[in-house]
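# Descriptive analysis of the structure
Listed below are the residues making up each chain.
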Amino acid sequence: MNKHYYITTPIYYINDVPHIGHAYTTIAADIMARFKRICEYDVFFLTGTDEHGQKVEKAAQMQGIHPRELADRTVHRFIDLWNTLNISNTGFIRTTEERHRKVVQHIFEKAFERGDIYLGSYEDWYCVPCESYFTELQLKNGVHCPDCHRPTEKLKEESYFFKLSNYEDRLLKLLERQNDFILPEIRFNEVASFIKGGLRDLSVSRTSFTWGIPVSMNTNHVVYVWFDALANYISGIGFLEDDDLFNTFWPCDAHLIGKDILRFHAVYWPSFLISVGIPVPKHIFAHGWWTIEGQKMSKSLGNVIDPNEIVEQYGVDEFRFFLFREVPFGLDGDFSKNAILHRVNGDLANDFGNLVSRSATMIGKFQKGKIGEPEKKGGTDEYVEAQIRSLTDRYCKDMEVFSYYKALQHIFEITSTLNKYIDTEAPWKLAKENDPRVKTVLYNLWNGIRIAAMLIYPFMPKKSQSIWNAIGVRKPIENIHFDEERVFYHTDNIAEIGKVAPIFPRIEG
Ligand code: ME8
């Protein structure tokens, strides 16, 4: 394999309980990883946990344990959830690992040697939950954090600074050269105007707490949690440790993140990389924000959605599917149980599920469970074949640029084309009249379902396999060779087909 693809999720704060937002980004990355694998790419898919910083230190203090112990206890919540959601990550990085510490200290030292990091002192308004300083002008009502709206506190500390102010021009040039560096476009514009507004040097060390990676040349300081966290994208893929691995996959193809952490990724991260002479990533894709039944998700409102609960009620693949069918990836969305119900019963049970059962039953009845290759064509056969080919092409183009919503629309256009095809061609009539076209119509239905299942595989890895099983394809769906199998498939090794139990049973509200 000589095509490579590297995709990442943010590393999630260990003190939080994983919720629908974390699941969203991770599933999004999994969808791309699976899509690229079936397109014959060698994929490295990295996720992990962000385990340092004052928030974790405070949470551990409250429980009377060492922060390391807190991290060890809670990291499993994430690992277990990723198993439940069928996430196919190839790497998992914890910022408390030794391999990560080495990388963070190395790039900090290198930036220092290059003259991009200097020692100074800092006095400003600090928000502990966001681990960020703000100027008085940025505060809401003179005291509150502009991001999370909680009260800030005035802090003065000696600090190392990164000369971000030196990077305005280089970042603007980067955006000019790589005009798809930040996706979607609205986020690109946001970052460009932020940079044009002027960049202040960035404090990249702390002395007010100790739970972090020590600055190697002055151990009174720990490295700022964002400088530490961003380095995961290189420490998790063998930087300083495994040159082959690192050189194969870096620069990263896509960092997937929520829009909340765009500035860190699109401004700070490329500046750190440029400073130490490492190429910048190819794309940063910032998606939108989920609210819950119209409200911001928050612990205090008690409306945090636990993905484990949703999955128990609606199924893993149904949840994965819903998140990307409901809202264009990139825009904000609102989560409600009614909306999931509507999608599962409408798109899955009625459209896709019915198509599979009707077709399998007809193949059982009219062809003794066998599928044969088409001989005689007529009616709308050629139109349907062409339509599936063109929708598959459009699906591929949209998948490439994370337009999952459109990609799913194309799949459902295929299923609705096939449902209409059944109605117009009425295979039961052709069978009654002994018309050989029955073989063609049933082949086209079978092949269309086979292709639609393949296209939905990255979103629904298990259900797509059930669909293949129902239509007799004897092969693990994850072994698809997409380019070879996207149009035609030999029918000589197909298991007997007949009536099947519903693949997407209707769910009662
Ligand atoms: O920010 N809707 O970690 P974090 C959609 N450790 N996505 C959401 C969401 C919501 N309501 N809430 C959270 C951090 N997310 C840092 C990252 S990376 C070097 C360090 C998702 O645990 C979204 O991907 O707060 C967001 O960017 C991420 O969770 C933040 O996770």
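Predicted model only: the values in this text are computed from it and were never measured. (Residues numbered from 1 in each chain as written. Predicted model: local features only at pLDDT ≥ 70, side-chain atom pairs only at ≥ 80, totals over all residues. Heavy atoms only, no water.)

## Some thoughts on the packing of aromatic side chains
Under the convention used in this document: Classification of ring pairs rests on two measures: the distance between centres of Phe, Tyr or Trp rings, Trp counted by its six-membered ring, which must be within 6.5 Å, and the angle between planes, read as stacked under 30 degrees, edge-to-face over 60 and tilted in between. We count a stretch as a helix when DSSP gives it H or I for four or more residues in a row; a strand needs E for two or more, and each element gets its number in order from the N terminus. Buried, partly exposed and exposed residues are distinguished by accessible area as a fraction of the type maximum, computed with a 1.4 Å probe on protein chains only: under 20%, between the cut-offs, and over 50%, respectively.
Counted by the stated rule, this structure contains 43 aromatic pairs. Between Tyr-6 and Phe-44 the ring centres are 5.8 Å apart and the planes differ by 80°, which places this aromatic pair in the edge-to-face class. Here Tyr-6 is found in strand S1 (residues 4-13), whereas its partner Phe-44 is found in strand S2 (residues 42-50), with 38 residues between them in sequence. Each member of the pair, Tyr-6 together with Phe-44, is buried. Summarising the aromatic geometry, the rings of Tyr-24 and Trp-290 are spaced 5.3 Å apart at their centres and angled 85° between planes, so their arrangement reads as edge-to-face. Of the two residues, Tyr-24 is situated in helix H1 (residues 20-38) and Trp-290 in strand S13 (residues 290-292); the sequence distance between them amounts to 266 residues.

## Structural notes on the sheet that holds S13
Rules: Whether two strands pair comes down to DSSP finding at least two bridges between them.
The mixed open sheet is built from three strands, whose spatial order is S14-S13-S15. The sheet is open, and its two edges are formed by strand S14 (295-296) and strand S15 (333-335), each paired on a single side. Here three bridges tie S13 to S15, and the two strands are oriented parallel to one another. Its bridge partner lying in S15, Trp-290 is registered against Gly-333.

## Focus on the sheet that holds strand S3 (residues 91-94)
As a reminder of what qualifies: Contact between two residues is taken to exist if any of their heavy atoms lie within 4.5 Å; hydrogens are not considered. What counts as an axis is a line fitted to C-alpha atoms, over the stretch in contact for a helix, and the angles between N-to-C directions run from 0 to 180 degrees.
If you walk across this open sheet you meet the six strands as S3-S2-S1-S11-S12-S7, and the pairing is parallel. Here the strands that pair on one side only, and so sit at the sheet edges, are S3 and strand S7 (182-183). Bridging between S1 and strand S11 (residues 254-258) involves two bridges; their strand directions are parallel. Bridging across to S11, Thr-8 finds its partner in His-255. Contacts from helix H3 (residues 67-84) reach S1, S2 and S3, with the element oriented near 155° to S3.

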